[in-house]
Amino acid sequence: QVQLVESGGGLVQAGGSLRLSCAASGHTFSNLVMGWFRQAPGKEREFVAAISWSGGRKDYATAVKGRFTISRDNAKNTVYLQMNSLKRADTAIYYCAADGTSDNPRRYRYLYDYWGQGTQVTVSS
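Residues numbered from 1 in each chain as written. Predicted model: local features only at pLDDT ≥ 70, side-chain atom pairs only at ≥ 80, totals over all residues. Heavy atoms only, no water.

**Considerations on the packing of aromatic side chains**
As enumerated under the stated definition, the model contains four aromatic pairs in all. Measuring from ring centre to ring centre gives 5.7 Å for Phe37 and Phe47, while their planes differ by 75°; the resulting arrangement is edge-to-face. Here Phe37 is found in strand β4 (residues 33-39), whereas its partner Phe47 is found in strand β5 (residues 46-51), with ten residues between them in sequence. We note that Phe37, like Phe47, is buried. In textbook terms, an aromatic cluster arises when at least three aromatic residues are bridged by ring pairs, as seen for Phe37, Phe47, Tyr112 and Trp115. Sitting over the face of the ring of Trp115, Arg45 holds its NZ or CZ atom 4.9 Å from the ring centroid. The ring of Phe29 carries Arg72 above its face, with NZ or CZ at 4.4 Å from the centroid. (Phe/Tyr/Trp six-rings, centres within 6.5 Å; stacked < 30°, edge-to-face > 60°. Helix = DSSP H or I, 4+ residues; strand = E, 2+ residues; numbered from the N terminus. Buried < 20%, exposed > 50% of the residue type's maximum accessible area, 1.4 Å probe, protein only. Lys NZ or Arg CZ within 6 Å of the ring centre and 35° of its normal.)

See the structure below:
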């Protein structure tokens, strides 16, 4: 069983930055593909970014490409999401997810086995 705990959310003005962290336990972290998803009120949970075991392969949603960066530190069992140039449209609960079945960063939330509790990100104008 994998436990995931997100942190780093908060309130930020448009154009600002935040860094989210997700600490994992209960599994060999370096064998987990890690993903970030988000869910805004009234909307479905959507893919944001994912990273392979070694960090060598990454994938981003079109809406965040060039503004967000996913990274991981396998020594610290932690994955990060650096969010720059934030927009009001980025307001959502951000979830960390883990996939222990392959080394492919994937976009479909149904392929992820484990989820954190989420952290709120609010971007004000």
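The rest of the description comes next.
**Things to note about the sheet that holds strand β7 (residues 68-73)**
Reading across the sheet, the four strands line up as β1-β3-β8-β7 and stay open at both edges, with antiparallel pairing between neighbours. This sheet does not close on itself; its edge strands, each paired only once, are β1 (3-7) and β7. Shown here is a sheet whose adjacent strand axes are inclined to one another by a mean of 15°, direction ignored. Pairing between β7 and strand β8 (residues 78-83): six bridges, direction antiparallel. For Thr69, the partnering residue across the bridge sits in β8 and is Gln82. (Pairing = 2+ DSSP bridges. Axes fitted to C-alpha atoms, helices over the stretch in contact; angles between N-to-C directions.)

Limitation: the analysis is restricted to geometry and does not speak to function.
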